Amino acid sequence: MVRNDKDVNLPVMCFLGPTASGKSGLAVRVCLRLARDGHPAEIINTDSMVVYRGMDIGTATPTVSEQRAVKHHLVSILDVTEPSSIVLIQTLARAATEDCLSRGVIPVLVGGSALYTKAIIDEMTVPPTDPKVRAKWQERLNTEGPEALHEELARRDPKAATSILPRNGRRIVRALEVVELTGSFTATIPDGTFHWPNTVQIGLELPREDMDRRIADRVDQMWQEGLVDEVRALADDGLRDGLTASRALGYRQVLEFLDGEYDEDEARRRTVSGTRRFARKQLMWYRRDDRIEWFNALDSDLDDKVVARVLTALSADKED
């Protein structure tokens, strides 16, 4: 039976871990187990690319059967030409989480980017964004280059310029956008205070060699399932014009292959190496957070242990 008491402090579960660690599959299995035990749970996507319609293969979007088995929020909700941002994902994911809690449903947050996840579960103020302002600075980046924009940033906000490398075009564009909208750019880092006090972070870890192998296997599977054809179709729908979607791992490399910058084998190789670098960066972020409870992704009893941890959090909730 669904609990409708809005005063009940249900836990907010957050599944973390590097790419290919098995977060999404684990979330589905755990939600099904919890539902059978009378604890309804729903999944909230916090990945900045799974929000795009049609980008199914390269982002490992939950399958139709998985979405039928467990309700998913924020999956395939944007066209590839629409921008995605931390502000947008934070707003939508927090609203979905509050909706679950109000209905007595355990929210299970699952995503890829550590920064996006932290922006949702931690007390973190994210500067505003405006697609038109960002597009203006992005166009100047494309025509003038990052060094010229860095000089512009130094004129407008010297302190911000000293904290951003002159070649980091993406961060420079974001800083100039914020400066134009607010008058100054201040990078905010979460201070370790949860937005929802009863938040539990479940981290999946596995040896680097296993992670690297899984990533290579996933990329091979993406190619076998037709990633190139998927990207070709999305390009016809404006993928190249999407400031966010076009940068997704795998999609950027295939677009460059289709544009003749290198061959298909090189596109696949670059997708593997880029994904491995991204996974290592994810782990660096996660390792800074001592609130994460780590579980062995290869443990045969993983599902049982994670379900037990959720039930412990529920028991603590009842005692409160």
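Values in this document were obtained by computation on a predicted structure and should not be read as measured data. (Residues numbered from 1 in each chain as written. Predicted model: local features only at pLDDT ≥ 70, side-chain atom pairs only at ≥ 80, totals over all residues. Heavy atoms only, no water.)

Direction vectors running N to C along helix 6 (residues 146-156) and helix 8 (residues 169-182) enclose 35°, while the axes themselves pass 10 Å from each other. Between helix 6 and helix 8 lies a crossing of left-handed hand. Here helix 6 contributes Pro146, Leu149, His150, Glu152, Leu153 and Arg156 to the contact with helix 8, which in turn contributes Gly169, Ile172, Val173, Ala175, Leu176 and Val179. A breakdown of the residues in the contact of helix 6 with helix 8 according to their chemical character gives 8 nonpolar, 2 polar and 2 charged. (Axes fitted to C-alpha atoms, helices over the stretch in contact; angles between N-to-C directions. Helix = DSSP H or I, 4+ residues; strand = E, 2+ residues; numbered from the N terminus. Left-handed = near helix turned anticlockwise from the far one by under 90°. Contact = heavy atoms within 4.5 Å. Nonpolar A, V, L, I, M, F, W, Y, C, P; charged D, E, K, R; others polar.)

This brings us to the sheet that holds strand 1 (residues 12-16). The strand order across the open sheet built from 6 strands is 3-2-4-1-5-6, with neighbouring strands paired in parallel fashion. Edge positions in the sheet fall to strand 3 (72-73) and strand 6 (293-296), since each has one partner strand and no second. Pairing of strand 2 (residues 41-45) with strand 4 (residues 106-110), which is carried by 5 bridges, proceeds in the parallel orientation. The partner of Ile43 across the bridge, within strand 4, is Val108. Where helix 4 (residues 114-121) meets the sheet, its contacts fall on strand 1, strand 4 and strand 5 (199-205), and the angle it forms with strand 1 comes to roughly 170°. (Pairing = 2+ DSSP bridges.)

Here we come to the packing of aromatic side chains. Each aromatic ring pair is specified by the distance between its two centres and by the angle formed by the two planes. Per the counting criterion, the structure on display carries 0 aromatic pairs. Between the NZ or CZ atom of Arg291 and the centre of the ring of Phe194, over which it lies, the distance is 4.0 Å. (Phe/Tyr/Trp six-rings, centres within 6.5 Å; stacked < 30°, edge-to-face > 60°. Lys NZ or Arg CZ within 6 Å of the ring centre and 35° of its normal.)

Our focus in this paragraph is the pattern of salt bridges. Close approach of charged atoms lets side chains of opposite charge pair. Inspection of every chain in the model, using the stated rule, returns 27 salt bridges. Ionic pairing is found between Asp210 and Arg213, a salt bridge with its closest N-O pair at 3.1 Å. In this pair, Asp210 and Arg213 both sit in helix 9 (residues 208-225), 3 residues apart, roughly one turn of the helix. Here Arg213 falls in the partly exposed class, since its relative accessible area comes to 41%. Put simply, Arg276 and Asp212 hold a salt bridge, and the shortest N to O gap is 3.8 Å. Separated by 64 residues along the polypeptide, Arg276 in helix 12 (residues 264-287) and Asp212 in helix 9 bring together distant segments of the chain. Given the relative accessible area of 27%, Arg276 is considered partly exposed. What emerges from the salt-bridge pattern is a single network uniting Lys118, Asp122, Asp289 and Arg291. (Salt bridge = Lys/Arg side-chain N within 4 Å of Asp/Glu carboxyl O. Buried < 20%, exposed > 50% of the residue type's maximum accessible area, 1.4 Å probe, protein only.)

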